[in-house]
Amino acid sequence: MTQQLGTDQATASPDALLVVKAGTLVDGTGAAPRRGVQVYVRDGRIVDVGSGGDVPSDAHVLDHSAYSVVPGLIDCHVHLAFSAGPNPLADLLVEDDGTLLLHAAANARTALAAGITTVRDLGDRAGVVRVLRDAIGRGVVPGPRILTAGSPITITGGHCHFLGLEADSEDDVRQVARMQLRDGVDCLKIMATGGRMTPGTNPQLPQYTVEQVKAAVEEARRAGVTIAAHALSADGIRVAAEAGVDTVEHCNWLARPGSDGLAFDESTAELMCTNGVAFDPTLTPVQGSLSMPDGNLSDVQRAALAIRVELLGVFRRMLELGVTMVAGTDAGTRRSTLDKLPGEIGLYVEQLGLTPVAAIATATGTAARVLGLADEVGTIQAGRRADLTVVDGDVSADIAALGRTRAVIQGGRLVGEHGRLLT
Ligand SMILES: [Zn+2]
């Protein structure tokens, strides 16, 4: 008997056939949207995607034929252990590791409720996000799939040194990378330049040589994981691109000390294409500053706002040159809660000129490919895990629909409705 299911029935028999009816399906590959599609799920995985046709009489049905269905979203840059309050750095410096773990658990709930079923965490302390990842995996608490980088690799006193992983020489970098991998991280993060969040570091200058970053890249490759590089300046981006990291975070192209503005270099962008280096623009934190009165802005926020328009032009040029872009929010930092990814993707449409379908790919199919998860998540295709986000409206025409979460399906289980978790 075909039946409309509430929560209990949808979760009661995981091995039964589940059919999710989609009014509009954006499958995450960048392909054109499809209308009136049915996604067939068994044992937590997608087994088929078809148009119309009969639904087997013993199937359970989730009827979202009035809505849009997209792959569960992937945020490529979050900090689950950060408070997302007005001053996350001050919070971090006074809070103990247990409190950071509680922030992480709460932030993970927020992400999942917003239809974000995978996150890459690019900086915690004392491995607290690894603890959360494993607890989510065992079903102790709800949350998205987590790839954690643990503490980022930085120079002594360098950007985010307070997260506890300082390394200066090539050998030191190699050793701390191996220690992180021994302790069970899923990816690595290295600070290629200073950062605005850390007083005393210089965002305009590289922290490492190409050889030093390459040492971390080699260790990532040996372990079969990916590596992200934080880089705010053109020189730092060049180092990261030459070393062959997987993603450049923020990618701000700041000029050298003494010069204001940016120093975009097309040859570096072309090298990113050649070496398969993607970028992650993290527009969300600065977007939050746009609506604040000038008197409330910090120097750091003012500096980021000053380059905003020029930077958006550079990002558009990078896309024209064929550099791969993935979606990340830097959520957890100042006033950036873990539900900001739909808004970030909206900015790619409004400010970088992507179509809604192309923008969604940066947080689904393309993100999964760049993070090494393409066989598991990111697209609505047979064989992939059934992580599906249902949103209210036609998301292929109106990207704002992505923020109106109707239902969240994780591994074939309905876990959220109307922006709230069911558990
Ligand atoms: Zn970050």
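Structure first, text after, so check above.
Read on for an overview of the structure. In this text, all values refer to a predicted model and were calculated from it rather than measured experimentally.

So, how was this worked out
- Residues numbered from 1 in each chain as written.
- Predicted model: local features only at pLDDT ≥ 70, side-chain atom pairs only at ≥ 80, totals over all residues.
- Heavy atoms only, no water.
- Pairing = 2+ DSSP bridges.
- Helix = DSSP H or I, 4+ residues; strand = E, 2+ residues; numbered from the N terminus.
- Axes fitted to C-alpha atoms, helices over the stretch in contact; angles between N-to-C directions.
- Contact = heavy atoms within 4.5 Å.
- Buried < 20%, exposed > 50% of the residue type's maximum accessible area, 1.4 Å probe, protein only.
- Donors = N, O, S within 2.8 Å, 3.2 Å for Na, K, Ca; no water.
- Expected span 1.5 Å × (residues − 1).

1. Quick look at the sheet that holds strand β7 (residues 116-121)
Backbone hydrogen bonds hold the strands of a sheet together, and the pairing may be parallel or antiparallel.
At step 1: Pairing is parallel across the open sheet formed by three strands, whose spatial order is β6-β7-β8. Strand pairing shows two members of the sheet lacking a second neighbour, β6 (73-78) and β8 (145-148), which therefore form its edges. Neighbouring strand axes in the sheet, compared pairwise and without regard to direction, differ in orientation by 15° on average.
At step 2: Sheet strands touched by helix α12 (residues 341-350): β6 and β7. Its angle to β6, the strand with the most contacts, is close to 95°.

2. Quick word on the pairing of strand β5 (residues 60-71)
At step 1: Here β5 lies mainly inside the structure; nine of its 12 residues are buried.
At step 2: The sheet contact formed by strand β2 (residues 18-25) and β5 spans seven bridges and is parallel. Note that in β5 the partner of lysine 21 across the bridge is aspartate 63.
At step 3: With four bridges joining them, β5 and strand β13 (residues 388-391) adopt antiparallel strand pairing.

3. Focus: the coordination of the zinc ion
At step 1: Distances from the zinc ion to its protein donors, namely His77 (NE2), His79 (NE2) and Asp330 (OD), fall within the range 2.0 to 2.2 Å.
At step 2: For the zinc ion, all donor residues lie on one chain, and their spacing in sequence is H-x1-H-x250-D. For the pair histidine 77 and histidine 79, one class covers both residues: buried.

4. Details of the environment of glycine 28
At step 1: Note that glycine 28 resides in the loop between β2 and β3 (34-42).
At step 2: Non-local contacts of glycine 28, meaning those with residues more than four positions away in its chain, are made with Pro71, Ala361, Thr364, Gly365, Thr366, Gly378 and Thr379.

5. Some remarks on helix α6 (residues 210-223)
At step 1: Taking 1.5 Å per residue as the helical rise, α6 with its 14 residues ought to reach 20 Å, and the 20 Å between its terminal C-alpha atoms agrees with that figure.
At step 2: Taken as a whole, α6 has its buried residues at Val210, Gln212, Val213, Ala215, Ala216, Val217, Glu219 and Ala220.
At step 3: Looking at the buried residues of α6, the elements they touch are α5 (170-182), β9 (187-191), β10 (226-233) and α7 (234-243).
At step 4: After α6 finishes, the residue glycine 224 shows a positive phi value of roughly 75°.

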